[in-house]
Amino acid sequence: SEQSPDEAAAIDSVVVTRFVNMGGAENQFLVDGFGEQLISTLYQIPDLRVLKGSLPYEDEAPREIAARYDVDTVVSGSVQELDGQFTIRTAVYAENPAKRCGQSFTGTVRDMFSLHEQVATAVRNCLMGAGGGTVSPASKPAGSVSYLRYLRGMSYLARRDVASLRQAADLFLESIEIDPAYGSAYLALANTYVLLADYEAQNEMFNLALSTLEEGIARDPSISEPAQTYFGYVQTKRGEWAAATESFRIATGSDIEYPPAQHYYSRLMAATGRIDDSLEAALAAWEMDRGEQVLNSRVAIAYFWKNDMELARQYYDIANAMHVGAPIHQLSYALFLMRDGQLEQAREVARNAMVLYQGDASWVDPVFDALSADPTSAATVAVLEEYAARDVVPQAALVTFWVIAGQADRAMQMAWRLVDDPSYFEVELLYLDEFRVLRQHAEFPRLLDALGLTQYWQQAGCRWDNDAGVCHSS
């Protein structure tokens with residue numbers, strides 16, 4: 001039914017539940033695509049708070065979903081395929097103001113992008129009132145073949161493991177080859193490259209991400225603002241703090257919401273010691289997509305960095321249930337368990353991480369045996385020296401073990417490597433409580449200067465509090 005302008009304006013928040021797949025598993029990537037494209041489109045509506053639900057509508061009553069996400073409105077949908085014909089049904093539910101809208105659409109796989117547009121337009125019209133014309137993303141594919149490659153690539157990208165990321169990259173490259181002006185495929189490919197940098201030649205992957213973004217913007221200028229997300233992330237990993245801040249200012253200030261922008265901005269804030277700002281950005285990203293594994297992981301890490309063990313535990317449990325495999329997640333969770341006195345569980349996390357990243361796990365048991373016996377003993381130092389000489393312990397883990405062992409000089413030797421290669425290990429580790437022995441080292445202020453952090457804080461209106469190891473807004 002028609003809504004009055006006042007009623008339409010009263011709706012200011014919506015959650016889009018996961019679309020229900022009423023067909024075969026082979027169509028799941030198409031079903032998920034409906035929800036993703038609808039959310040991306042709703043992000044373009046000014047002053048509308050849009051969240052992504054983690055469960056299908058059928059698993060919970062709409063009133064309960066609205067209360068759980070603290071929103072006015074719930075949008076749900078289903079996709080059914082029969083003999084090559086797809087039927088898409090959508091429903092919009094709101095109590096205050098009262099609103100019910102339902103509609104169905106049919107088409108074939110060749111009509112998929114058009115169907116996405118029809119669904120988005122119908123939902124927008126229900127939410128905000130009719131008359132706005134057809135809703136379409138700023139970046140639009142030229143045809144169905146490139147779009148289907150893109151959607152399938154997104155399904156692999158969501159899995160995050162190295163084999164899936166490589167498959168995703170191949171599919172995005174195929175999408176671009178078919179349709180060289182499809183900006184969304186460039187964004188997704190750049191994201192894939194920055195994730196592959198955790199597994200493969202980092203500098204090469206970062207350079208591929210940057211060249212992909214540059215070509216994508218030249219072909220499709222509509223992606224220029226969200227593309228700053230990945231420019232900013234690479235700049236963060238390369239220690240270009242001011243440039244990264246400017247990139248994220250553009251990405252997070254865009255009229256179109258883009259959850260990865262807040263996520264990677266949180267990484268920059270953590271790397272520059274702005275721990276409160278890092279948590280705020282992590283929560284902003286999580287709020288938009290509570291079911292995304294890496295966003296739950298980022299919130300867990302942000303709470304841990306703030307020494308809130310209980311909330312960190314809550315989000316680590318959620319992220320672990322989703323099988324997050326990112327290196328910073330594995331490292332931070334292992335350290336969380338060590339701080340929590342759960343050395344055996346930390347040992348298992350470390351061993352599983354080495355298996356996941358196809359590394360040498362020979363160091364795990366000897367090192368954890370030594371740490372369990374006495375972390376600061378000469379015997380522990382000897383074990384760490386032995387495996388450091390073999391170059392089998394990941395740098396981030398090794399520098400952490402050195403500070404736990406109280407070996408500030410050895411940790412400082414590793415930390416100086418950050419000046420030439422800021423991605424040598426995660427800079428955000430420097431601000432943890434465990435790293436206080438490093439921050440108290442006589443060379444630490446000089447290290448901060450060499451990393452460009454002192455100058456960055458001065459320019460950002462911050463100050464360094466060596467006792468807390470954080471940067472506070474002035």
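Here, residues in each chain are numbered from 1, in the same order as that chain's written sequence. Since the coordinates come from a predicted model, pLDDT governs what is reported: local features require at least 70, and pairs of side-chain atoms require 80 or more to be given and counted, while whole-chain, interface and lining totals use all residues. Excluding hydrogens and water, the side-chain figures rest on all heavy atoms present in the structure.

### Considering the side chain of serine 278
Line of reasoning, step 1. On the secondary structure map, serine 278 appears in helix α12 (residues 275–288).
Line of reasoning, step 2. When accessible area is computed with a 1.4 Å probe and restricted to protein chains, residues below 20% of their type maximum are described as buried, those above 50% as exposed, and intermediate ones as partly exposed. For serine 278, a relative accessible area of 2% gives the class buried.
Line of reasoning, step 3. Only heavy atoms matter for contacts: two residues are in contact if any of them lie within 4.5 Å across the pair. Here serine 278 is in contact with Ser266, Met269, Ala270 and Arg298, once residues within four sequence places are set aside. Counting from the N terminus, the helices are the DSSP runs of H or I reaching at least four residues and the strands are the DSSP runs of E reaching at least two.

### Concerning the packing of aromatic side chains
The description of an aromatic ring pair uses the distance of the two centres, along with the angle that the planes make with each other.
Line of reasoning, step 1. Between rings of Phe, Tyr and Trp, where Trp is taken as its six-membered ring, a pair exists when centres lie within 6.5 Å; planes separated by under 30 degrees are stacked, by over 60 edge-to-face, and by other angles tilted. As enumerated under the stated definition, the model contains 21 aromatic pairs in all.
Line of reasoning, step 2. Between tyrosine 230 and tyrosine 258, the aromatic rings sit 6.3 Å apart at their centres with planes inclined by 85°, giving edge-to-face as the arrangement. Residue tyrosine 230 is found in helix α9 (residues 224–237), and its partner tyrosine 258 is found in the loop between α10 (241–252) and α11 (259–271); the two are separated by 28 residues along the sequence.
Line of reasoning, step 3. With 6.1 Å between their ring centres and 55° between their planes, tyrosine 424 and phenylalanine 425 make a pair best called tilted. A single burial state applies to tyrosine 424 and to phenylalanine 425, both of which are buried.
Line of reasoning, step 4. Among the aromatic residues, those joined into a cluster by ring pairs are Phe113, Tyr147, Tyr150, Phe172 and Tyr182.
Line of reasoning, step 5. One cation-aromatic arrangement involves arginine 152 over phenylalanine 29; the distance from NZ or CZ to the ring centre is 4.0 Å. As a reminder, the over-ring test applies to NZ of lysine and CZ of arginine, requiring each to be within 6 Å of the ring centre and within 35 degrees of the ring normal.

### Side note on helix α3 (residues 62–69)
Line of reasoning, step 1. Those residues of α3 that sit buried are Pro62, Ile65, Ala66 and Tyr69. On an axial view of α3, the arc spanned by its buried residues comes to 100°, and they lie on one face. Along α3, exposed side chains directed more than 90 degrees from the buried face belong to Arg63 and Ala67.
Line of reasoning, step 2. Phi turns positive, to about 55°, at aspartate 70, one or two residues after α3. For this quantity, the arc is that covered by the directions from the helix axis to the C-beta atoms.

### What to know about the environment of arginine 298
Line of reasoning, step 1. With respect to the helices and strands, arginine 298 occurs in helix α13 (residues 293–305).
Line of reasoning, step 2. Taking the C-alpha atoms as reference points, arginine 298 and tyrosine 264, 34 residues apart in sequence, are found 9.4 Å from one another.

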